[in-house]
Amino acid sequence: MITLAIGVAFYYLALQNYTVFNGFQASSRCSPTLAVYWRAATPFYYLALACALAGYLFVVYLLRTPFGIALQGIRDNPRRMHASGST
């Protein structure tokens, strides 16, 4: 409920403060510019490739941790893992 209250408070703050947030039109003073236009085909492809590679490496790392080994044991024989106290 606190998160909802903070969100509503920020919404009304942004709605009433036209000098900074410009109402519904978006922010007027904050206009970030990126070095790369990510909506073009080639940069977006490399961004998606990097995210997929990072996700794959995270899963490979996770499988080699004790948590991943426990998950593999549950997959192979859940009854045995439950009896050993791992779950």
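Residues numbered from 1 in each chain as written. Predicted model: local features only at pLDDT ≥ 70, side-chain atom pairs only at ≥ 80, totals over all residues. Heavy atoms only, no water.

1. Concerning the overall build of the protein
To be explicit about the condition: Numbered from the N terminus, helices here are DSSP runs of H or I no shorter than four residues, and strands are runs of E no shorter than two. We call a residue buried when its accessible area falls under 20% of the maximum for its residue type, exposed when it is over 50%, and partly exposed in between, using a 1.4 Å probe and counting protein chains only. Areas reported here follow the Shrake-Rupley algorithm with a probe of radius 1.4 Å; residue values treat only the protein chains shown as occluding.
Scanning the protein from terminus to terminus reveals five helices and zero strands. Counted from the first residue to the last, the protein has its helices and strands arranged as α-α-α-α-α. Buried positions account for 7% of the 87 residues belonging to the protein. As displayed, the protein has an accessible area near 7,900 Å², and 68% of this comes from carbon and sulfur atoms.

2. A closer look at the packing of aromatic side chains
This is how the line gets drawn: Pairing of aromatic rings covers Phe, Tyr and Trp, the last through its six-membered ring, and needs centres within 6.5 Å; plane angles under 30 degrees mean stacked, over 60 mean edge-to-face, and all others mean tilted.
Counted by the stated rule, this structure contains two aromatic pairs. Consider the rings of Y11 and Y12, whose centres lie 5.2 Å apart with planes at 70°: the pair is edge-to-face. Centre to centre, the rings of Y45 and Y46 are 5.2 Å apart; their planes meet at 70°, and the pair counts as edge-to-face.

3. Looking at a nonpolar patch on the surface
Convention followed: Only residues above 30% relative accessible area that lack a salt bridge enter a patch, with like-charged residues linked at up to 9 Å and the nonpolar side chains Val, Leu, Ile, Met, Phe, Trp and Tyr linked at up to 5 Å. Salt bridges are defined by distance alone: a side-chain nitrogen of Lys or Arg within 4 Å of a carboxyl oxygen of Asp or Glu.
Taken together, the side chains of M1, L4, V8, Y11 and Y12 make up a nonpolar region of the molecular surface, amounting to roughly 590 Å² of accessible area. Locating Y12 in the fold gives a position in helix α1 (residues 2–16).

4. Description of the confidence of the model for the protein
This is how the line gets drawn: Confidence scores labelled pLDDT are given residue by residue by the predictor and lie between 0 and 100.
Scored by pLDDT, the protein comes out at a mean of 82, with 79% of its residues at no less than 70. Mean pLDDT across the elements of the protein bottoms out in helix α2 (residues 18–21) (67) and peaks in helix α3 (residues 41–63) (94).

5. Let's talk about the side chain of T65
The condition is simple: Here a polar contact is recorded for every N or O atom pair within 3.5 Å, except that within protein the pair must consist of a potential hydrogen donor and a potential acceptor, and residues adjacent in sequence are included only if both atoms are side-chain atoms.
You can see T65 is positioned in the loop between α3 and α4 (66–76). For T65, the side chain forms a polar contact with the main-chain oxygen of L62, separated by 2.7 Å.

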